[in-house]
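Secondary and tertiary structure notes
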Amino acid sequence: MALRLDGKALAKEVEGRLGAVVLAAASSVGRPPGLAVLRVGDDPASAVYVANKEKACARIGVASYGAHLPAKTPPAEVLKTIQELNADPRVDGILLQLPLPDGLDETPLLQAIDPEKDADGLHTLNLGRLLKGEPGPRSCTPAGVMALLKSNGIDPAGKRAVVIGRSILVGQPMALMLQAANATVTVAHSRTADLLAHTRNADILVVAAGRPEMIGSEHVQPGAAVVDVGIHRKPEGGLCGDVRSADVESIAAALSPVPGGVGPMTVTMLLVNTVVAWCRRHDLEHGLDDLIV
Ligand code: NAD
């Protein structure tokens with residue numbers, strides 16, 4: 001039976017550490033760290049994600065400065081809101097909740113976020129910093145995967161890692177992080193021929209294809225560590241990932257559950273980026289280096 005890569009438990013532990021950092025320094029700084037989550041429109045899944053992020057902020061003493069704009073807001077007005085948040089001294093992290101409503105192009109809006117306040121690590125400058133191994137806020141989901149692997153004693157160095165998916169949000173930064181941790185990385189995608197031949201070689205398999213339960217035991221090398229990034233609502237109710245967990249857990253050495261695996265760690269890494277940005281601005285020691293990829 002595979003080791004459970006328990007993101008919920010790790011998220012709780014990391015939140016405890018973040019809360020302690022905030023508590024220790026907030027009075028000397030004169031304000032808590034601040035995270036602004038900017039939501040445009042009424043995507044129901046986004047509403048749940050934003051509420052979860054705000055609850056997580058409250059648990060560790062981070063102030064939330066959410067803004068919710070109507071779906072029909074003109075791009076110039078969204079841009080103006082971002083510029084106001086950039087200038088707001090109470091705000092250390094800004095997150096533009098995706099997806100945006102039709103008609104709003106995310107590219108110029110993500111570009112407008114001050115790179116030092118880029119809580120999601122998706123600004124071009126920060127993706128470039130990741131590529132070059134320079135410090136900066138990192139994309140939350142892949143950084144959360146790295147933290148999950150590390151806390152379970154899975155060191156990518158010298159291993160063969162396969163990442164399924166090449167999105168800017170997950171697959172590409174994931175591949176860069178695994179490579180920076182000295183894995184030999186293959187990126188598979190929708191045009192990959194003979195996916196099985198690649199995945200069956202993987203010591204570490206990260207699945208971020210967005211295809212419900214596409215990966216079964218036939219794709220997995222016995223003893224591999226499998227991280228399931230996918231998250232889907234099942235028609236009959238409940239959630240599933242991109243991996244058929246019941247099938248894979250009998251042969252994998254480690255497997256992340258859905259829910260309770262990568263999802264909670266994504267939110268936690270958003271908090272890490274915000275607290276670290278606050279510490280940097282105020283020249284504070286944070287002791288969180290082990291969480292920074
Ligand atoms: P995306 O649709 O932008 O990218 C999917 C990638 O998978 C693409 O690069 C595509 O080429 C590849 N792909 C699709 N079908 C494939 C196939 N049959 N074989 C091989 N590759 C295939 O999605 P994304 O934003 O990267 O997200 C991926 C999944 O992760 C989604 O289910 C999303 O909901 C989930 N997600 C979860 C979290 C979390 O916190 N748990 C965060 C972000 C994304």
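Residues numbered from 1 in each chain as written. Predicted model: local features only at pLDDT ≥ 70, side-chain atom pairs only at ≥ 80, totals over all residues. Heavy atoms only, no water.

Looking at the environment of His-198
To keep it simple, the criterion reads: Runs of H or I in DSSP of at least four residues are treated as helices and runs of E of at least two as strands, each being numbered from the N terminus.
Structurally, His-198 is set in helix H8 (residues 195-199). The spatial distance from the C-alpha of His-198 to the C-alpha of Val-187 is 9.2 Å, given a sequence separation of 11 residues.

Re the pattern of salt bridges
Short version of the rule: A carboxyl oxygen of Asp or Glu within 4 Å of a side-chain nitrogen of Lys or Arg is what we treat as a salt bridge. Buried residues are those whose accessible area, probed at 1.4 Å on protein chains only, stays under 20% of the maximum for their type, while exposed residues exceed 50% and partly exposed ones sit between those limits.
According to the stated counting rule, one finds 12 salt bridges in the structure shown. Asp-42 is the partner of Arg-39 in a salt bridge, and the nearest nitrogen-oxygen pair spans 4.0 Å. Taking relative accessible area as the criterion, Arg-39 reaches 14% and is therefore assigned buried. Judged by relative accessible area, which is 59%, Asp-42 ranks as exposed. Residue Asp-247 pairs with Arg-244 through a salt bridge whose shortest N-O separation is 3.5 Å. Counted as one network, the salt bridges with shared partners bring together Arg-31, Asp-92 and Arg-281.

A few points about the packing of helix H1 (residues 7-29) against helix H10 (residues 262-281)
The axes of two packed helices give the description: the angle between them and the distance between them. To be explicit about the condition: Convention adopted: a line fitted to C-alpha atoms gives each axis, helices being fitted over their contacting stretch, and angles between N-to-C directions are expressed from 0 to 180 degrees. For classification, angles of less than 35 degrees are called roughly parallel, those exceeding 145 degrees roughly antiparallel, those between 65 and 115 degrees roughly perpendicular, and all remaining angles oblique. Each crossing gets its handedness from the near helix: less than a right angle anticlockwise from the far helix is left-handed, clockwise is right-handed. Residue contacts are defined here by distance: any two heavy atoms, one from each residue, within 4.5 Å place the two residues in contact. In the scheme used here, Gly and all other residues not listed as nonpolar or charged are polar, with Ala, Val, Leu, Ile, Met, Phe, Trp, Tyr, Cys and Pro taken as nonpolar and Asp, Glu, Lys and Arg as charged.
H10 packs onto H1 with a crossing angle of 20° between their chain directions and a minimal axis gap of 10 Å. Considering the angle they form, H1 stands roughly parallel to H10. Handedness of the crossing formed by H1 with H10: left-handed. Contact residues: Gly-7, Lys-8, Leu-10, Ala-11, Val-14, Glu-15, Leu-18, Val-21, Val-22, Ala-25, Ala-26 and Val-29 in H1; Pro-264, Met-265, Thr-268, Leu-271, Val-272, Val-275, Trp-278 and Cys-279 in H10. Split by residue class, the contact of H1 with H10 holds 16 nonpolar, two polar and two charged.

Notes on the domain arrangement of the chain
Which entries qualify depends on this criterion: Just so you know, the domain bounds were taken from an automatic or database domain assignment.
Considered domain by domain, the chain is made up of domain 1 (31-114) and domain 2 (140-263). Measuring from the centre of the C-alpha atoms in domain 1 to the corresponding centre in domain 2 gives 28 Å.

Topic: the site of the ligand
What counts, and what does not: We call a residue near a molecule or strand as soon as one heavy atom of that residue lies within 4 Å of the molecule or strand. Here a polar contact is taken to be a pair of N or O atoms separated by no more than 3.5 Å, where protein atoms must pair a possible hydrogen donor with a possible acceptor and residues adjacent in sequence count only if both atoms sit in side chains.
Near the ligand lie 20 residues; those nearest to it are Arg-166, Ser-167, His-189, Ser-190 and Thr-266. Ser-167 places a polar side-chain atom, nitrogen or oxygen, 2.5 Å from an oxygen atom of the ligand. Looking at side-chain class alone, the shell around the ligand contains eight nonpolar, 10 polar and two charged residues.

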